[in-house]
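Structural characterization, general
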Amino acid sequence: MEKHEHHQHHDSKGEPAKMSGHGSHKKDMDMGGGHYDHHAHMIEDFRKRFWISLVLTLPILVLAPMIQELAGYELRFPGDRYVQFGLATIIFFYGGWPFLKGLADELRQKAPGMMTLIALAISVAYFYSAAVVFGLGGKIFFWELASLIDIMLLGHWIEMKSVMGASNALQELAKMMPSEAHRINQNGETEEIELYDLRPDDLILVKPGEKIPADGEVKEGQSHVNESMLTGESKPVAKQTGDQVIGGSINDNGSLKIVVRHTGEDSYLSKVIGMVKEAQDTKSKTQNLADRAASWLFYLALGAGVLTLVVWLALGSDFEYALERMVTVMIISCPHALGLAVPLVVAISTAVSAKKGLLIRNRTAFENARKLTAIIFDKTGTLTKGEFGVTRIISSSSAYTKDQVLATAAALESNSEHPIAAGIMRKAEEMNLKLSEPRDFQGLTGKGVEATLDGKKVRVVSPGYVKEQGLTLPENSFSDESETVVFVMVDGALIGFIALADEIREDSREAIQTLKARNIKVIMATGDNETVAKAVSTNLGLDNYYAEVMPEDKQKIIKDLQAQGEFVAMTGDGVNDAPALAQANIGIAVGSGTDVAAETADIILVNSNPRDIANLILFGTATYRKMMQNLFWAAGYNIVAVPLAAGVLAPIGIILSPAVGAILMSLSTVVVAINAQLLKREIK
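Since we're looking at a predicted model, the values are computed, not measured. (Residues numbered from 1 in each chain as written. Predicted model: local features only at pLDDT ≥ 70, side-chain atom pairs only at ≥ 80, totals over all residues. Heavy atoms only, no water.)

1. Some words on the overall build of the chain
Applied cut-off: What counts as a helix is a DSSP run of H or I of at least four residues, what counts as a strand is a run of E of at least two, and both are numbered from the N terminus. A 1.4 Å probe rolled over the protein chains alone gives each residue an accessible area, and that area as a share of the maximum for its type sets the label: buried under 20%, exposed over 50%, partly exposed in between. Residues count as neighbours in contact if any of their non-hydrogen atoms are within 4.5 Å of one another. All accessible areas in this document rest on Shrake-Rupley with a 1.4 Å probe, and a residue is counted as covered only by the protein chains that are shown.
Helices and strands together make up the secondary structure of the chain, namely 23 helices and 22 strands. The buried share of the chain, taken over its 684 residues, is 52%. For the chain, the share of sequence-separated contacts (at least 6 apart) that also reach a separation of at least 24 residues comes to 67%. For the chain, the exposed area adds up to about 30,900 Å²; of that, 55% sits on carbon and sulfur atoms.

If you want it as structure tokens, here you go:
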């Protein structure tokens, strides 16, 4: 199994850094102040250097003899070479400064990479061309120098923007948080307060059209809330009493009274920003591969250049021609496309992911989606809707009607938080049933609940409990395998039963078909009973299922699959499933709503839609594929161009001129850019 390392920010003492407490949301979301400002400054610096260098490049291109020859025009005047030299000098020292500085840093660390490669190419081009201007025989390479610096500045600008992409969106979101909130005091009066004065358990009023100022729970009212900027869910989400809301989302058509649950560092947005910062500080293995490729190319460029000089001199060529060949090889060996290959793909995948409510904490895990052979889904709330609905109510006693059976069960279940209890309560509320007050309520571990109701001992229990009491289950109690059935007993006698079902999501079928088409085994692990698990598995056509699974058992299931050679993804809620998410090759926390602090997950999906999970896996695979394709195009250019520039085919009259080399260089850059843009089509 590949171990994922989660990097944690540390303060100067080596302790994990903490975000501020209950202070202003804007302060909480400043991306670490100096860290954010530093990145923003660097982006601005690359942008400014790029545009100034590009403007200075235009007259160099117009005056370049090669460009004139290719375009079929002539523009010469006394001192035109000195004009090119002057412009090229500014571009070299101003536009090339980040790369020259990077060269010094990489050599100090004894780890030559992309910066060293770029600095080598531009230095050779500049100093050789300067020598030619002042008397050395040969050709000038000022336009190649200028275009190389321009494209490399553009590549690094794009790379830095991609790193900041997700956090920039969140920065804008943080700025859009309301500055005030309507707090309802103990007298029921509404008062305007500053956002940073909000505390957990405060009651606030959110009017139609206003932004919700903090994470919380609806206490009163009904409305629809637009969460698209936070979760990627395009449709407004219906909210009523008991539902969770996220700070920053927009209230639509009704007034809501909300109990504040999270502020400051505990809020949804603060946690998301923390994760984005964590992701920014790490690179994937593919991104590191690009850096290693640059390191190899540096040695290749140096070796090929020296070898070219030596061979041409050995073959009897004059020094100036051999030197020109060497310079041509060293300039051409720096591929413009390599500087764009990975940054462009990262920029696009980051932007698309952010719009889909997808938080990538570990880019290597995201790109490893291509290796997946098995994925484990939880059932409730992921493959199914997670809401039990009453499908049948049967009375088996002449003394009780169906409504009385339901009312008896609902009276007991009003004290329970189980999903089955919620389903029974919803049905009772729909039918406006009057419920008695239970006394002496207690749970029967794994079997049901019991209490005293109107002086009688009432139990709502599982089929297993009924059998233990020596009673026979009614024949019609299990007509549908996907149903969960609970039995109602009064003073030891069976009075009826209620059947409930957790409806399968339509999106589940589509997602499973997509995954199976990629030969990924789809497995379900659920705490539900064998009968229900088997019915859902058969209905959806799963490869395997595990029933009556406790959260701690899921880790063992994953270990067993990995021992069989499977590369496993696990989907879980990020809290109960933490050990399993950590064990999996790719841990995906889903449906976590406002609780995004899934420390052990590699990827977090705000929505629990299984189609999003399938899309995530396909998109991770596509992202890796695009990176590798771009690296191939960038390196492929070198594989062809360097030997030709060195003169391998000179005996048969084929030798690569800098002009043709530059055209090949530009073509490889265009191919890489277009190929990266095609990534947008890979996710629905």
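2. Here we look at the pairing of strand E18 (residues 521–525)
Put simply, the rule reads: Two strands qualify as a pair provided DSSP detects at least 2 bridges between them. Note on handedness: a crossover is taken as right-handed if, strands pointing away from the viewer, the path from the first strand over the helix to the second is clockwise.
Extensive coverage of E18 is indicated by the burial of four of its five residues. Here five bridges tie strand E11 (residues 374–378) to E18, and the two strands are oriented parallel to one another. Pairing of Ala 374 across the sheet is with Lys 521, part of E18. Tracing the backbone out of E18, into helix H19 (residues 530–540) and back to the parallel element strand E19 (residues 544–546) gives a crossover that is right-handed.

3. A few points about the packing of aromatic side chains
The following threshold applies: Pairing of aromatic rings covers Phe, Tyr and the six-membered ring of Trp, with a centre-to-centre limit of 6.5 Å; geometry is then stacked below 30 degrees between planes, edge-to-face above 60, and tilted otherwise. Placement of a charge over a ring requires the Lys NZ or Arg CZ to be within 6 Å of the ring centre, with the centre-to-atom vector within 35 degrees of the ring normal.
On inspection of all chains with the given rule, the structure shows 16 aromatic pairs. Seen in terms of ring centroids, Phe 85 and Phe 142 are 6.3 Å apart; in terms of plane orientation they differ by 55°. Their pairing is tilted. Separated by 57 residues along the polypeptide, Phe 85 in helix H4 (residues 80–95) and Phe 142 in helix H7 (residues 142–175) bring together distant segments of the chain. Relative to Phe 141, the ring of Tyr 128 lies with its centre 5.8 Å away and its plane at 50°, an arrangement referred to as tilted. Taken together, the residues span a long stretch of sequence, with Tyr 128 in helix H6 (residues 114–133) and Phe 141 in the loop between H6 and H7 at a distance of 13 residues. Per residue, the accessibility class of Tyr 128 equals that of Phe 141, and both read buried. Ring-pair connections join several aromatic residues into one group, and the members of that group are Tyr 82, Phe 85, Phe 92, Phe 93, Tyr 126, Phe 127, Phe 134 and Phe 142. Looking at Arg 49, its charged tip hangs above the ring of Tyr 94, at a distance of 4.8 Å from the centre.

4. Some points on the pattern of salt bridges
Condition: Put simply, a salt bridge is a Lys or Arg side-chain nitrogen that is within 4 Å of an Asp or Glu carboxyl oxygen.
Within the structure shown, the criterion is met by 16 salt bridges. Between Arg 49 and Asp 45 there is a salt bridge, with the nearest N and O atoms lying 2.9 Å from each other. Taken together, the residues span about one helical turn, with Arg 49 and Asp 45 both in helix H2 (residues 34–63) at a distance of four residues. When the shortest N-O distance is used, the salt bridge between Asp 560 and Lys 556 registers 3.0 Å. Of this pair, Asp 560 and Lys 556 both sit in helix H20 (residues 551–563), four residues apart, which is roughly one turn of that helix. Look at Lys 556 and you get exposed, because its relative accessible area is 54%. Look at the salt bridges and you will find they share partners, linking Lys 101, Asp 105 and Arg 108 into a network.

5. Regarding the sheet that holds strand E5 (residues 223–226)
Across the sheet, which stays open at both edges, the three strands sit in the order E6-E5-E8 with antiparallel pairing between neighbours. Two strands lie at the open edges of the sheet, namely strand E6 (237–239) and strand E8 (250–251), each paired on one side alone.

6. Some remarks on the UniProt feature "transmembrane region" (unreviewed entry) in the chain
The condition is simple: UniProt positions are given in the numbering used here, feature names are shortened, and annotations may be inferred rather than shown by experiment.
Listed under "transmembrane region" (unreviewed entry) in the UniProt record, and renumbered for this structure, are residues 50–67, 82–100, 112–134, 140–158, 293–315, 327–354, 631–654 and 660–679. Helix makes up 94% of residues 50–67 and strand makes up 0%, while its end C-alpha atoms are separated by 21 Å. This span, residues 112–134, is 87% helix and 0% strand, and a straight line between its end C-alpha atoms measures 31 Å.

7. Details of the pairing of strand E2 (residues 190–194)
Bridging between strand E1 (residues 180–184) and E2 involves five bridges; their strand directions are antiparallel. Across the sheet, residue Glu 180 finds its bridge partner in E2, namely Glu 194. Hairpin connection, E1 to E2: the antiparallel pair is bridged by five residues, and Gly 188 has positive phi, about 85°.

8. Description of the sheet that holds strand E7 (residues 244–245)
Taken in spatial order, the six strands of this open sheet run E2-E1-E3-E9-E4-E7, and their pairing is antiparallel. Sheet topology places E2 and E7 at the edges, where each strand pairs with a single neighbour. Examined bridge by bridge, strand E4 (residues 215–220) and E7 share two bridges and lie antiparallel to one another. Looking at the pairing, Gly 216 lines up with Val 245 of E7.

9. Notes on a negative patch on the surface
This is how it is decided: Each patch is built from salt-bridge-free residues with over 30% relative accessible area, joining like charges within 9 Å and nonpolar side chains (Val, Leu, Ile, Met, Phe, Trp, Tyr) within 5 Å. We score Asp and Glu as negative and Lys and Arg as positive, and we do not count His or the chain ends. Where a charge lies is defined by one atom per residue type, namely NZ (Lys), CZ (Arg), CG (Asp) and CD (Glu).
A surface patch of like charges, here negative, comprises Glu 180, Glu 192, Glu 194 and Asp 197. The topology assignment puts Asp 197 in the loop between E2 and strand E3 (203–206).

10. Points about the nonpolar core
Applied cut-off: To form a nonpolar core, buried Ala, Val, Leu, Ile, Met, Phe, Trp, Tyr and Cys residues must be joined to one another through side-chain atoms within 4.5 Å.
Judged by nonpolar contacts, the single largest core of 107 residues is most densely connected at Ile 122, Phe 142, Leu 145 and Ile 375. With 15 residues, the single largest contributor to this core is H6. Once residues lying within four places of it in the same chain are set aside, the contact partners of Ile 122 are Phe 92, Gly 96, Phe 99, Leu 100, Leu 145, Leu 148 and Ile 149. Judged by nonpolar contacts, the second largest core, of 27 residues, contains Tyr 400, Val 405, Ala 451 and Ile 495.

11. Details of H6
Put simply, the rule is: The span expected for a helix works out to 1.5 Å for each residue beyond the first.
Its 20 residues give H6 an end-to-end C-alpha distance of 29 Å, which sits within 8% of 28 Å, the value for a rise of 1.5 Å per residue. In terms of residue burial, H6 counts as a mostly covered element, since 18 of its 20 residues are buried. Phi for Gly 135, located one or two positions after H6, is positive at around 125°.

12. Focus: the confidence of the model for the chain
To be explicit about the condition: Confidence of the predictor in every single residue is expressed as pLDDT, which spans 0 to 100.
Considering every residue of the chain, the mean pLDDT works out to 79; 81% of them sit at 70 or more. Low pLDDT, under 50, characterises residues 1–34; the predicted model gives this stretch 77 contacts beyond four residues in sequence or across chains. This stretch, residues 592–597, has a pLDDT under 50; its non-local contacts, to residues over four places away or in other chains, come to 20 contacts.

13. A closer look at the side chain of Thr 384
With respect to the helices and strands, the residue Thr 384 is situated in strand E12 (residues 384–395). What Thr 384 contacts, discounting residues up to four positions off in sequence, is Lys 379, Asp 502, Glu 503, Ile 504, Arg 505 and Ser 508.

14. So, unusual backbone geometry
Residues other than glycine seldom take positive phi values, yet Asp 491 does so here, at roughly 50°. Inspection of the secondary structure assignment puts Asp 491 in the loop between strand E16 (483–490) and strand E17 (493–504). For Asp 491, a relative accessible area of 52% translates into the label exposed. Of note, the phi angle at Asn 519 is positive, near 60°, even though the residue is not glycine. On the secondary structure map, Asn 519 appears in the loop between helix H18 (506–517) and E18. For Asn 519, a relative accessible area of 67% translates into the label exposed.

15. Here's the deal with a nonpolar patch on the surface
On the surface, a cluster of nonpolar side chains totalling about 370 Å² of accessible area is made up of Val 62, Tyr 73, Leu 75, Phe 77 and Val 83. Turning to its location among the elements, Val 62 is positioned in helix H2. A relative accessible area of 38% places Val 62 in the partly exposed class.

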